[in-house]
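Chain by chain, the residues:
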Amino acid sequence: MNILGINAYHGNASAAILCDGKLIAAVEEERFNRVKYAAGFPAAAIRYCLQAAGITLKDVHHVAVPRNPYARLGTKLFYALRMPSFARERMKVLAKFTGIREALAAAFEMDKAKVPATFHRVEHHIAHLASAFFCSPFEEAALLSADGLGDFASSMWGAGSERRMNIHGSIAFPHSLGLYYSAVTQYLGFLKFGDEYKVMGLAAYGEPEFLPEFRDLIHSKGAGFRLGLEYFTHHRSGPEMTWADADKTPVLGKMYSDAMARKFGPVRDPLAPIEQRHKNLACSLQARLEEVYLGMLRRLHEETGMKSVCLAGGVAFNCVANGKIPANTGFENVFVHPAAGDAGLAVGAAQYIWHQLLGNPREFVMEHAYWGPEFSREEIRAALQASRFSENGFVVGELPEADLLRRTASIIADGKILGWFQGRAEWGPRALGNRSIVADPRRPEMKEILNRRIKHREIFRPFAPSILAEKTGEWFEQSHPSPFMAMAYSVKREMRDKIPAPTHVDGTGRLQTVTSTANLRYWRLIRAFEEQTGVPVVLNTSFNDNEPIVCKPQEAIDCFRRTQMDALVLGDFLITRETANDQQRESDHING
Ligand SMILES: [Fe+2]
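All residue numbers refer to positions counted from 1 along the written sequence of the respective chain. It should be noted that, the model being predicted, local features are given only for residues of pLDDT at least 70 and side-chain atom pairs only at 80 or more, the latter also being counted only at that level, while totals for whole chains, interfaces and linings use all residues. To get the side-chain values, all heavy atoms of the structure are used, and hydrogens and water are removed first.

A. Molecular detail of the nonpolar core. Residues Leu 177, Tyr 180, Tyr 293, Leu 297 and Leu 311 are the most contacted members of the largest nonpolar core, which totals 91 residues. Counting residues per element, this core draws most heavily on helix H12 (residues 276–304), which supplies 10 residues. Whether two residues touch is decided by their heavy atoms; if any such pair falls within 4.5 Å, the residues are in contact. With residues up to four places along the chain from it excluded, the contact list for Leu 311 reads Ala 132, Leu 144, Tyr 293, Leu 297, Ala 316, Asn 322, Ile 325, Val 334, Phe 335, Val 336 and His 337. The term nonpolar core refers to a set of buried residues drawn from Ala, Val, Leu, Ile, Met, Phe, Trp, Tyr and Cys, joined through side-chain atoms within 4.5 Å. Buried means the residue's accessible area, taken with a 1.4 Å probe over protein chains only, is under 20% of the maximum for its type, while exposed means over 50%, and partly exposed covers the values in between. The helix count covers DSSP runs of H or I at least four residues long, the strand count covers runs of E at least two residues long, and both are numbered beginning at the N terminus.

What follows is the structure in structure tokens.
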């Protein structure tokens, strides 16, 4: 039986395909249309999923759509009456949703009456919870989803046991942990969709000076929380999310009120310098998020008595808060879906149909995140030939694996920057060793070099370490697996000087624990680096430059050329540019 999950007309449009309950493919539309967080209808992602499963649309038995317009009708009506413009906007979006069968038929040039699948609507947060629980290794677990807003709710929690989830509670609009974080992110001058990551990184540079005041912005209440609504505007004007139009990056309207400025001082202009006050505000924002989030998880642990918890929703990307769960909530095991944001809804909605609706037992565990497109040796070779590397002073070689890893590890150990492209693309926003830029973690200057030459991002944002999973406890204060970079742990004090580049200013690292079963070649690369340096860690950042992570070999080649990477590995091929490289090192020396 084939079940297609589609997250459409919403940020992070995506598709996933389950065949007899097993995930075969999952991918975000942004990887194809190259628009970050793209909304719209994910036709290319769906096409890829069907192709990976070796089926056509006629072979799809069920289509699962993570949206239920009938959820919380009373609350919706109440706000629709108060905010007619918001209601009109929602109606437009809903009209698109009711046309998903038509959009699907049109994308595949079929008559919609001939699309045989049964269509199902799965509520937004139920799909988030399903993506976390049904991918986890746990037979039973507590469940929490928290984000900005979906189907008029911002959070939902419950418990899962084998093939069923039971919902214990939820929090409806306008109260939202995600919108709380987004509003203060905007107030601090970070206006783009997804900028919450930046503020989380900035928080480590501050002190929680304003924590008492932040308790007025969000109050704990019962099993959940309430916003101090005077500091926000979304409950009056509606959350202005412009993502209904095809292929556009979502844009959020202003969400903080003038009361925010009266309480904390002037709003920061995006171009103004970042002062210590801004850092302290970011730190206080994060500290209050942790109080509320960890408090909810503590109560969930008391309520369920379970050892394990599964998390999804955009707030589950807060790796700093996640890293504190084992020590602060009673939960011993944590599973975070790698696409915890709305892309993951495609997987969750499909799994909900398979397990909860159809009652099928669980056999699948998401042990890795490599569910996207892959390219054959011939395709890589063709991309290399088209790029005419050899005619432009580059050296291209195809190497046996042992030689490739030894050479590549020594390139990294020499302080060079490596583009590393292997196998299937990652599902979710983190590069996990198949579409990664890899560098030497031992060099304190590496962060600044990467930022200047490749990533062009704010200097206060940390880079992440990938570590051999079996060495985690030797280098970090915790050794709980973090395969999808969803947890930040403290680097052991005595190890911080050994891996300064991916150690954040507060001594933490948002680590990826790499096992030989999840990604053998990447594990072997880190092993080879360890053999040469004694350090079982590499710095890993996503293979891109202010764009979605590269998907195809040609995009990797373009990014390699556009930026100033020193070497590129595509499958078994190694591309180096010794001359340009030497010049760059000299330039680094001069500029540094
Ligand atoms: Fe969501």
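Moving on from the model shown.
B. Seen up close, the coordination of the iron ion. Coordination here is defined by N, O and S atoms within 2.8 Å of the metal (3.2 Å for Na, K and Ca), and since water is not considered, a site can look incomplete. Taken together, His 124 (NE2), His 128 (NE2), Asp 147 (OD) and Asp 342 (OD) make up the full set of protein donors to the iron ion, lying 2.0 to 2.2 Å away. A four-donor site is classed as tetrahedral when every donor-metal-donor angle falls between 85 and 135 degrees; four donors are called square planar, and six octahedral, when trans pairs exceed 155 degrees and all remaining angles lie between 65 and 115, with any other arrangement labelled irregular. Metal-centred angles of 87 to 161° between the 4 donor atoms at the iron ion mark the site as irregular. Along the chain, the residues that donate to the iron ion are spaced as H-x3-H-x18-D-x194-D. Of the two residues, Asp 147 is situated in strand S6 (residues 140–150) and Asp 342 in the loop between strand S14 (333–336) and helix H15 (345–357); the sequence distance between them amounts to 195 residues. Grouping residues by exposure puts Asp 147 and Asp 342 together as buried.

C. Expanded view of the environment of Lys 552. With respect to the helices and strands, Lys 552 occurs in the loop between strand S21 (537–542) and helix H21 (553–562). Separated by 177 residues in sequence, Lys 552 and Phe 375 place their C-alpha atoms 7.5 Å apart. If near-sequence neighbours (up to four positions away) are discounted, Lys 552 is found in contact with Phe 375 and Phe 421.

D. Molecular detail of the pattern of salt bridges. Whenever Lys or Arg places a side-chain nitrogen within 4 Å of a carboxyl oxygen from Asp or Glu, that contact is recorded as a salt bridge. The tally for this structure, following the rule as stated, stands at 31 salt bridges. Across the pair Glu 291 and Arg 215 runs a salt bridge whose closest N-O atoms are separated by 2.6 Å. Separated by 76 residues along the polypeptide, Glu 291 in helix H12 and Arg 215 in helix H9 (residues 211–217) bring together distant segments of the chain. By relative accessible area, which is 27% here, Glu 291 ends up partly exposed. By relative accessible area, which is 35% here, Arg 215 ends up partly exposed. Note that Arg 442 and Asp 440 form a salt bridge whose closest N and O atoms lie 2.7 Å from each other.

E. Seen up close, a nonpolar patch on the surface. By definition, no residue in a patch forms a salt bridge, and every one has over 30% relative accessible area; like charges are joined within 9 Å, nonpolar side chains (Val, Leu, Ile, Met, Phe, Trp, Tyr) within 5 Å. Residue exposure ignores everything except the shown protein chains as possible cover, and the areas themselves are Shrake-Rupley values with a 1.4 Å probe. Together, Met 1, Leu 357 and Leu 358 give the surface a local cluster of nonpolar side chains, amounting to about 240 Å² of exposed area. With respect to the secondary-structure elements, Leu 358 resides in the loop between H15 and helix H16 (377–387).

F. Just the packing of helix H7 (residues 177–187) against helix H8 (residues 196–203), in detail. Note on geometry: axes are lines fitted to C-alpha atoms, helical ones only across the stretch in contact, with angles between N-to-C directions running from 0 to 180 degrees. Relative orientation of the contacting elements H7 and H8 amounts to 75°, with a least axis distance of 9 Å. Overall, the two elements H7 and H8 adopt an arrangement that is roughly perpendicular. Where H7 abuts H8, its residues Tyr 181, Ser 182 and Thr 185 lie against Glu 196, Val 199 and Met 200. Counted by class, the contact of H7 with H8 contains 3 nonpolar, 2 polar and 1 charged residues. Angles below 35 degrees are treated as roughly parallel, those above 145 as roughly antiparallel, those between 65 and 115 as roughly perpendicular, and all remaining angles as oblique. Classification used: nonpolar for Ala, Val, Leu, Ile, Met, Phe, Trp, Tyr, Cys and Pro, charged for Asp, Glu, Lys and Arg, polar for all others including Gly.

G. Structural detail: the side chain of Arg 435. The residue Arg 435 is located in strand S17 (residues 435–439) in this model. There is no salt bridge for the buried Arg 435, and the closest opposite charge comes from Glu 426, which lies 5.3 Å off by N-O distance. Here Cys 551 takes part through its backbone oxygen, which lies 3.1 Å from a polar atom of the side chain of Arg 435. The charge count includes Lys and Arg as positive and Asp and Glu as negative, but it does not include His or the ends of the chains. Between N or O atoms, a polar contact is any pair within 3.5 Å; within protein, one atom must be a potential hydrogen donor and the other a potential acceptor, and residues adjacent in sequence are included only when both atoms are from side chains.

H. Geometry of unusual backbone geometry. The omega torsion across Phe 173 and Pro 174 is 10°, close enough to zero to call that bond cis. Mapped onto the secondary structure, Pro 174 falls in the loop between strand S8 (164–172) and H7. For Glu 162, which is not a glycine, the phi torsion comes out positive at approximately 50°. Tracing the sequence through the fold places Glu 162 in the loop between strand S7 (153–161) and S8.

By themselves, these are just geometric observations and shouldn't be taken as functional.
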